[in-house]
Structure formats: C-alpha cells, structure tokens
Amino acid sequence: MNRRRHPLSGSAVAAVLALLVGVGPPALGQTLDDRVREIASQLMCPVCEGRTVADSPSELAGQMREIIRQKLRAGESPEEIVAYFVDRYGPAALAAPARSGFGLLVWLAPAFAIAAGALFLFLRFRTDHAPAHLVGPALSSEEGRHLRRLLGEAEPEDDGVPS
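Residues numbered from 1 in each chain as written. Predicted model: local features only at pLDDT ≥ 70, side-chain atom pairs only at ≥ 80, totals over all residues. Heavy atoms only, no water.

Asks: Pulling in residues and values, what's your account of the overall build of the protein?
Replies: Looking only at helices and strands, one finds seven helices and zero strands in the protein. The order of helices and strands in the protein, counted from the N terminus, is α-α-α-α-α-α-α. Here the protein, with 163 residues, has 15% of them falling under the buried criterion. Counting contacts in the protein only where the partners sit at least 6 residues apart, residues at least 24 apart contribute 37% of the total. Surface accessibility of the protein: about 12900 Å² in total, with carbon and sulfur atoms responsible for 62%. (Helix = DSSP H or I, 4+ residues; strand = E, 2+ residues; numbered from the N terminus. Buried < 20%, exposed > 50% of the residue type's maximum accessible area, 1.4 Å probe, protein only. Contact = heavy atoms within 4.5 Å. Areas by Shrake-Rupley, 256 points an atom, 1.4 Å probe, with all protein chains shown as cover.)

Here it is, written out as structure tokens:
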C-alpha cells in the first residue's frame, strides 16, 4: 500500500521552520503603512534637521513617504528604495551611517574605544599591583630620608629611636 502525502505538508513544514528561525518574507504580518514607516525611519528628512522622514511633518517628507509607498507597491525591495534616495540626496540621507567604507569606521570606533579603555585599565591595574620582586628593592632608612628631603616632605622628629 502506497501512502499518499498531503501536497501542503512540505510547504507547511517549511513555513513553520522559517517562522522558527526568523526567515521569511519581511512583510509577513506587516501592513503597507508599517513597511513605509520602517523604510522612512532609515532616511533623514532633507529639510528638517534631526528628523527622519517617518517623523517629519514637512511636505517633502510626505512626498518621500508616498514615493516609498509607490515603490513598495511596484515590488521594489527596501534596499532598492533606500538606494534610490541615497542616489538622489547623497549618503547624508541615511539616518545611520552605511556599514561599508568610511561609515564602517563610525560603527567600529566605539568598539575600538572600549577595547583601548579596557587595555589601559588592565595595564594600569597590573602595574599598581605588581609583585614586590618586580618593583625593586626597598629603600634603606637613609635613602628614605633623602627621598623625603628631595620631595620637600617634612623630616620626622628625631626621637632617638632608629626607624
């Protein structure tokens, strides 16, 4: 007897696996307005300082949102739409620096700064707590008095007891 498989069983399994690993169409569960807002939030408004196209009330930002909507309806990907605006307005149109070229340096600079700070603290902590055999021999009492005199510290009262 030959068991017949349901034709949708393979597709259903693939869809469940895609949902579990987060792979699938980006528009799944998103409305067109959500997708427009998502793309518009990646672009800076050319006429409003510090505002994204998604948050700007300007007429130009409204026109840009409408262009995004039209391009999404035409089937263009979000990357293509962002590239369209970057071609038109330059890299300053991006709300976040590109992750290539000079923009990559902007993304990596904080990590380098944190690593340099951690290295500095490690080296500083290590030298402050170095073992005595690495610091050098202790000063004799005569050397200690001479050093205090050189540093301008007051000489302790001589009470006749050797220190």
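Asks: Any details on the nonpolar core? Residues and values, ideally.
Replies: Counting 15 residues, the largest nonpolar core has Ile-39, Leu-43, Val-53, Ile-68, Leu-72, Ile-81 and Phe-85 as the members making the most contacts within it. Secondary structure elements with two or more residues in this core: helix H2 (32–40), helix H3 (59–73) and helix H4 (78–89). If you tally residues by element for this core, the top one is H3, at four residues. Among residues more than four places away in sequence, those in contact with Ile-81 are Ile-39, Ile-68, Lys-71, Leu-72 and Glu-76. (Core = buried A, V, L, I, M, F, W, Y, C linked by side-chain atoms within 4.5 Å.)

Asks: Before we move on, could you go through the side chain of Lys-71 and cite the residues and values that matter?
Replies: Relative to the helices and strands, Lys-71 resides in helix H3. Residue contacts for Lys-71: discarding those within four places in its chain leaves Glu-76, Ile-81 and Tyr-84.

Asks: Explain the packing of aromatic side chains to me, and be specific about the residues and the numbers.
Replies: In this description, an aromatic ring pair is defined by two values, namely the gap between the centres and the angle between the planes. A complete count under the given rule lists two aromatic pairs for this structure. Ring centres of Tyr-84 and Phe-85 lie 5.0 Å apart, and the angle between their planes is 80 degrees; on these two criteria the pair is classed as edge-to-face. Looking at Phe-85, the relative accessible area reads 1%, which means it is buried. Between Phe-85 and Tyr-89 the ring centres are 6.4 Å apart and the planes differ by 10 degrees, which places this aromatic pair in the stacked class. In this pair, Phe-85 and Tyr-89 are both assigned in helix H4, four residues apart and thus about one turn of the helix distant. Among the aromatic side chains, those forming a connected cluster through ring pairs are Tyr-84, Phe-85 and Tyr-89. (Phe/Tyr/Trp six-rings, centres within 6.5 Å; stacked < 30°, edge-to-face > 60°.)

Asks: Quick one: what's the story with the packing of H2 against H3, residue by residue and with numbers?
Replies: The interhelical angle for the contact between H2 and H3, taken along N-to-C directions, is 120 degrees, at an axis separation of 9 Å. As summarised for this structure, H2 and H3 are arranged oblique, according to the angle between their axes. Crossing hand, H2 versus H3: right-handed. Contact residues: H2 offers Leu-32, Asp-33, Arg-35, Val-36, Ile-39 and Ala-40, while H3 offers Arg-65, Ile-68, Arg-69, Leu-72 and Arg-73. Grouping the amino acids of the contact of H2 with H3 by side-chain chemistry returns six nonpolar, no polar and five charged. (Axes fitted to C-alpha atoms, helices over the stretch in contact; angles between N-to-C directions. Parallel < 35°, antiparallel > 145°, perpendicular 65-115°, else oblique. Left-handed = near helix turned anticlockwise from the far one by under 90°. Nonpolar A, V, L, I, M, F, W, Y, C, P; charged D, E, K, R; others polar.)

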